[in-house]
Amino acid sequence: MDDSDDDIPIASLTAKIAPAPIIKSEPKPPPAAAPAAAAKPKPVDGAIPKKVKKEVSNAEKYPGLTADEVAYKEKLKEIKRFAKIEKQQKKEKKKAKKEKEAKKRQREDSGGDFERKPKKEKKPRVIKVETGPKKAKATDKTQRLAQAMKAFLWWNAPTPPEGQQWSTMEHGGVAFPEEYVPHGVKMLYDGKEIDLTPEQEEAATFMAGMDKNGMHLGNPKTAKIFINNFFTDFKALLGRGHPVKDFAKCDFKRISDHLEEQKMVKKAITDGEKKMNKKIKDQINFKHGYAIVDGHIEKVGNFNMEPPGTFRGRGEHPKMGKIKQRVLPEQVFMNFSVENAPPICPVPGHAWGEIRHDPCVQWLGNWKENINGQDKYMQLAAMSSFKGKSDRSKYNKAARLCGNIEKIRKDYKKNLTAKDKALRQLATAMWVIDRLALRVGGEKDTDEEADTVGCCSLRVEHTTFNPNNDDDALEVELEFLGKDSMLFKQTIDFGSELYTTNNGMGEQVYKNFKSFCTGKKKSDDIFETLTPSVLNDHLKNLMPGLSAKVFRTYNASVTLQDELAKKEKVENWDSLTVTQKVTNYNDANRIVAILCNHQRTVSKAQETALESIQAKLDTLIEQKKVLKKILKLFNKGGDLSLIPKKKSETEMKEAVTKALENAKKMKEEAKSNEEKIAATKADAEAKKLRKEAGDSKFSQAHLWENQPSESQVANKIQQWTQKIERMSMDLKNKDDNKEVSLGTSKINYMDPRATVAFCKRNEVPIDRVFSRTLRDKFNWAMSVAPEWQFCYEIGLED
């Protein structure tokens, strides 16, 4: 790819910077001694003596210096030269020693007997003495842009004028998907081919591309909603009088088969085509993916316009299956500073809908989508200064709650027993938001959006009293769809220590719930006197800016900090490995995720991965049993010829290599679709063969090609024990977290400074708990001290 910066309007900020050469000061020579009387040189017949030649050469080399000063210079030069040579020799010796130790470890790990190789003849050592400054490492355009963004520390930069988000802003606008190219494959209706316009064919292709066994069409309940909505929009595209009237008579199989064939063709892409596709993708990214805000470079988040398709939605969304229309440039508003040129519209023959110069908003582009009529925005990425300021302000506001939480809890606990029902319902709702981390919730039009529920919209049908038929227990099962249609299903024991210690008043809350539900229908609201506006106004009166989300952020951050503190007090904590400390951190994270109801659906890929780990673990356990039996043969003096031998893997390795090379060659030579499909199938078979070779290698990894020694068997038993422990811990960790989304808590609710401080205190690399995306997003949190604490004083930093 050409690394020229000419095609990017913002490339001037990412000039290549080579490190300046380091100039080392030389020690000053000693003061010159008084010149002694020059001794007369002895007359010599013939050639000039070497000593005289050297003195003449030095005099020319160092003009104006005395003989002592010249000698000092030459001596210093010689010392430096030998020091370099000595340093190079030490480096090579150290490298050779490491390689020797690595080979030794490899022999011990494999436990095999290796034949000694004949010693090679020693080659004369060539010592290279590098001169001049080191060359800067070559970086591509993406790396230079990333370095430029990291160089800007927004928390140290001056803030824009009050009420403004920026003073100057320039960007490349929105990138649009390619126009639809008709494929000409006809759908069938009642067994007959149907002619469709390109727009109608595109809609039919959307339906043909849906997975019949997926979460939308595989579920009878959601399939009915999806098909009804799709067919309503599809008929509107077909127009009146069109012969297609009944969805049951529509047959999209021909188009489905064509799409599957195109998938196979695309998989036959060669390495050269991959590079070309990457180059095109990079060019789009360089043009649209960056913005200049107040003189510094920022990454743009969602610059790609969403392509048309069928609306999926979450859960049982009432509009799933409707056709999302293609968004044109005329529907898009662009926002940038008045002194900058507008972004060039990338679609020929079109223009932006409207141009704005509003520094009071953060968005770069704006448009409406046709499904719900909601505004969509093109904004800066999560790692940008805009998002960073918003995140830090959110966590600091939650930290201020540390100084007000006792007063707020005292207030609502007092009103839990109030005579006025409205006041009692408000206090109960406050308890639920604080202790159960529920959202406020609100009324929903279930014809327009999914029936998701929060505190104010809880209905009697969402509660089950005494679910375990224990008359002495104060238990209530809450079951409803929360945000993003995620199921909230928990049995709350209001009589447990968790809700009763320190005057938690769990028993009183249980009584209130029972009284609020008594005499009501299942469809009635539990908190009929409470509305979201009343609850939100009450929260703001208790503390400026207080909301249910601030409560969730506060509880998540405090819970994480308290759970980590408990784990760090364990006696053997300092002796734990980094992996064990990370597992403990994930345990604390899981408690927060459960508190906030951050769940996820277990995918087929997750289930397959867990089954694979379990199978490998079972194999390791069986292999350890075999090793123990072999060790018994040594201990009891048995027949060592009974020890099973490792089969040769050379043939299988060669077969895999040959199959992969053949598939690659077929891809490069393929011209027609048939040839490309054949190449894709050959590649799949080669990869399957490679997996089988890997499985075969793993199945006999505990054996030796030759007869092992007793010590080799004992060492391998110890290695297998460690492997089993590590894999068991990994399996448990993944199994525990399969239905819990740890990432949501990290991204949105747990103060990242608590995690950074934990890692620093315990010498845990931050990349073991934060991905690169999170490290870039929370770059402002990385400089906190190891003893940092989430507390009220932190909230005063804004």
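Residues numbered from 1 in each chain as written. Predicted model: local features only at pLDDT ≥ 70, side-chain atom pairs only at ≥ 80, totals over all residues. Heavy atoms only, no water.

Participant: Looking at this model, I keep getting lost on a negative patch on the surface. Mind explaining?
Facilitator: A surface patch of negative charge is lined by Glu261, Glu668, Glu669, Glu674 and Glu675. Positionally, Glu675 belongs in helix α18 (residues 673-699). With a relative accessible area of 39%, Glu675 lands in the partly exposed category. (Patch = residues over 30% accessible without salt bridge, like charges linked within 9 Å, V, L, I, M, F, W, Y side chains within 5 Å. Areas by Shrake-Rupley, 256 points an atom, 1.4 Å probe, with all protein chains shown as cover. Salt bridge = Lys/Arg side-chain N within 4 Å of Asp/Glu carboxyl O. Lys, Arg positive; Asp, Glu negative; His and termini not counted. Charge placed at Lys NZ, Arg CZ, Asp CG, Glu CD. Helix = DSSP H or I, 4+ residues; strand = E, 2+ residues; numbered from the N terminus. Buried < 20%, exposed > 50% of the residue type's maximum accessible area, 1.4 Å probe, protein only.)

Participant: What should I look at first to understand the nonpolar core in this one?
Facilitator: Formed by 78 residues in total, the largest nonpolar core has its most connected members in Leu401, Trp431, Leu535, Leu546 and Phe551. Met187, Ala223, Val244 and Met320 belong to the second-largest nonpolar core, a separate cluster that totals 23 residues. (Core = buried A, V, L, I, M, F, W, Y, C linked by side-chain atoms within 4.5 Å.)

Participant: I would appreciate a short explanation of the environment of Ala693 in the present structure.
Facilitator: In this structure, Ala693 sits in helix α18. Taking C-alpha positions, Ala693 is 7.1 Å from Lys653, a pair spaced 40 residues apart along the chain. Contact partners of Ala693, with chain neighbours within four places excluded, come to Met652 and Val656. (Contact = heavy atoms within 4.5 Å.)

Participant: How should I be thinking about the pairing of strand β6 (residues 296-299) in this particular structure?
Facilitator: Moving residue by residue along a regular strand, the side chains alternate between the two faces of the sheet. Burial along β6 is two-sided: the face carrying His296 and Glu298 and the face carrying Ile297 and Lys299 are both buried. When strand β5 (residues 290-293) meets β6, the two strands line up antiparallel, connected through four bridges. The partner of Ile292 across the bridge, within β6, is Ile297. What sits between the antiparallel neighbours β5 and β6 is a turn of two residues, in which Asp294 has the positive phi angle 50°. (Pairing = 2+ DSSP bridges.)

Participant: So what exactly am I meant to see when it comes to the packing of helix α10 (residues 421-435) against helix α13 (residues 532-542) here?
Facilitator: When two helices pack together, their arrangement is given by the angle between the helix axes and the distance between those axes. At a minimum axis separation of 11 Å, α10 and α13 run at an interaxial angle of 75°. Relative to α13, the element α10 is oriented roughly perpendicular. On the side of α10, the interface is formed by Leu426, Met430 and Ile433, while α13 contributes Leu535, His538, Leu539 and Leu542. Here the residues of the contact of α10 with α13 are counted per class, giving six nonpolar, one polar and no charged. (Axes fitted to C-alpha atoms, helices over the stretch in contact; angles between N-to-C directions. Parallel < 35°, antiparallel > 145°, perpendicular 65-115°, else oblique. Nonpolar A, V, L, I, M, F, W, Y, C, P; charged D, E, K, R; others polar.)

Participant: What is the right way to look at the pairing of strand β11 (residues 365-368) in this model?
Facilitator: As paired elements, strand β9 (residues 333-335) and β11 share two bridges and run antiparallel to each other. Across the sheet, Phe333 pairs through a bridge with Asn366, a residue of β11. In the sheet, β11 pairs with strand β12 (residues 375-378) via four bridges, with the strands oriented antiparallel. The residue of β12 that forms the bridge with Gly365 is Met378. As consecutive antiparallel partners, β11 and β12 are separated by six residues, and within that stretch Gly373 has a phi angle of approximately 70°, a positive value.

Participant: Mind showing me how you'd approach the pattern of salt bridges here?
Facilitator: Note that side chains of opposite charge can pair when their charged atoms are close. Inspection of every chain in the model, using the stated rule, returns 28 salt bridges. In this structure, Glu354 engages Arg356 in a salt bridge whose closest nitrogen and oxygen atoms are separated by 3.1 Å. Between Asp730 and Lys734 there is a salt bridge, with its nearest N and O atoms 3.6 Å apart. With a gap of four residues between them, Asp730 and Lys734 both fall in helix α19 (residues 710-736), about one helical turn apart. By relative accessible area, Asp730 is classed as partly exposed at 30%. We classify Lys734 as partly exposed; its relative accessible area is 43%. Linked by salt bridges that have partners in common, Lys421, Lys520 and Glu528 make up one network.

Participant: Can you walk me through the sheet that holds strand β1 (residues 169-171) in this structure?
Facilitator: Paired through their backbone hydrogen bonds, the strands of a sheet run either parallel or antiparallel. Taking strand neighbours across the sheet as the criterion, the three strands line up as β1-β5-β6 in an open arrangement whose pairing is antiparallel. Bordering the open sheet on either side are β1 and β6, each of which pairs with just one other strand. Neighbour-to-neighbour, the strand axes of the sheet open up by a mean angle of 25°, direction not taken into account. Direction of pairing for β1 relative to β5: antiparallel, over a ladder of three bridges. Bridging from a neighbouring strand, Glu170 pairs with Ile292 of β5.

Participant: Would you mind showing me how to read a positive patch on the surface here?
Facilitator: Residues Lys628, Lys629, Lys632 and Lys636 make up a contiguous surface patch of positive charge. Tracing the backbone through its elements, the reader meets Lys629 in helix α16 (residues 604-635).

Participant: Just to check I follow, could you spell out a nonpolar patch on the surface for this structure?
Facilitator: Judged by side-chain polarity, Met276, Ile280 and Ile284 come together as a nonpolar surface patch covering roughly 260 Å² of accessible area. For Ile284, the location among the structural elements is in helix α7 (residues 271-288).

Participant: Would you mind showing me how to read the sheet that holds strand β13 (residues 463-465) here?
Facilitator: If you walk across this open sheet you meet the three strands as β13-β14-β15, and the pairing is antiparallel. Strand pairing shows two members of the sheet lacking a second neighbour, β13 and β15 (487-493), which therefore form its edges. Recorded for the sheet is a direction-independent mean angle of 15° between the axes of neighbouring strands. Here seven bridges tie strand β14 (residues 475-481) to β15, and the two strands are oriented antiparallel to one another.

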